[in-house]
Structure formats: C-alpha cells, structure tokens
Amino acid sequence: MSELSSPLIGSPTKTTGQRVREGVLGWAFLVPALLVFGFFMYYPLATLVQMALHRESRFGESIWVGPSQIQEVLTGADFREGLIHSGLFMVYTVPLGVALGVL
C-alpha cells in the first residue's frame, strides 16, 4: 500500500513576513468596502441629525432649535397614527408573505 500524506502534515509554517503581507492584503480589500459603506450609511445619518436639530428659514439660514423639534414630532397625533398604520400593515403582510413563501 502507498502511504498517503496530508498536505498539512510536514508543511512549513508561515513566516512573520508572509502573515503581515496577508494581513495587509486583507485590509487592502476591506478598506474600500468600509469607506463606501461608511459614506452611504453614516453621512446620511449625520445629515439627518443636523437637519433634525435645526430649522431652515426662508432665506436659507439654519436656526438651532435643539431637541424640541424632535419632541414635537414624536408626541404628535400624526406620528402616532402613522405608527399604528405601519404596525397594522406589518401584522397583516408579514404572516401572509411567510405563508405564501412556505407553499
């Protein structure tokens, strides 16, 4: 019988330089994706917070109003009604979609 050898047995271990190069190569592929993700995720979020805390005048100047504007929106009747409608929509459509997907 012939002796079977595994490629892992007896193979040389990687040197520190090879590990560093692999790490740099991994980050070289990862950084562009993180930059694109960050731009399309965090830039709109930061803009949203800035817009929520300011009120624009007719002449384009931004006036600081603070969290009072957010409190006004969250305690309004329209917001509450929208939450109720969204919840009902979810309660009816999600189980229906799951049931149709199972069939």
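Treat the numbers as computed from the prediction; the structure is a model and nothing was measured. (Residues numbered from 1 in each chain as written. Predicted model: local features only at pLDDT ≥ 70, side-chain atom pairs only at ≥ 80, totals over all residues. Heavy atoms only, no water.)

**Student:** How do you make sense of the overall build of the chain when you look at a structure like this?
**Tutor:** Regarding its fold elements, the chain presents three helices and two strands. When its helices and strands are written in sequence order, the chain yields α-β-β-α-α. Split into buried and exposed, the 103 residues of the chain put 3% on the buried side. Accessible surface for the chain amounts to roughly 9,600 Å². Of this, 71% is attributable to carbon and sulfur atoms. (Helix = DSSP H or I, 4+ residues; strand = E, 2+ residues; numbered from the N terminus. Buried < 20%, exposed > 50% of the residue type's maximum accessible area, 1.4 Å probe, protein only. Areas by Shrake-Rupley, 256 points an atom, 1.4 Å probe, with all protein chains shown as cover.)

**Student:** Hey, could you run me through the packing of aromatic side chains in this one?
**Tutor:** Given two aromatic rings, one states the distance between the centres and the angle between the planes to describe the pair. For the structure shown, the criterion picks out three aromatic pairs. Pairing phenylalanine 37 with tyrosine 42 gives two aromatic rings, centres 6.3 Å apart and planes at 90 degrees, and the pair type is edge-to-face. Assessed through its relative accessible area of 48%, phenylalanine 37 is described here as partly exposed. Judged by relative accessible area, which is 52%, tyrosine 42 ranks as exposed. (Phe/Tyr/Trp six-rings, centres within 6.5 Å; stacked < 30°, edge-to-face > 60°.)

**Student:** Explain the pattern of salt bridges to me, please; I cannot follow it from the model alone.
**Tutor:** Oppositely charged side chains may form a pair once their charged atoms are brought near each other. According to the stated counting rule, one finds one salt bridge in the structure shown. Between glutamate 22 and lysine 14 there is a salt bridge, with its nearest N and O atoms 2.9 Å apart. Glutamate 22 sits in the partly exposed class, given a relative accessible area of 44%. (Salt bridge = Lys/Arg side-chain N within 4 Å of Asp/Glu carboxyl O.)

**Student:** Please explain the confidence of the model for the chain as it appears in this structure.
**Tutor:** Detailed conclusions should not be drawn from predicted coordinates in areas where pLDDT is low. Looking at the chain, pLDDT values average 88 and 88% of them are 70 or higher. Per-element confidence in the chain is highest for helix H3 (residues 77-102), whose mean pLDDT is 96, and lowest for strand S1 (residues 54-56), whose mean pLDDT is 87. (pLDDT = per-residue confidence, 0-100.)

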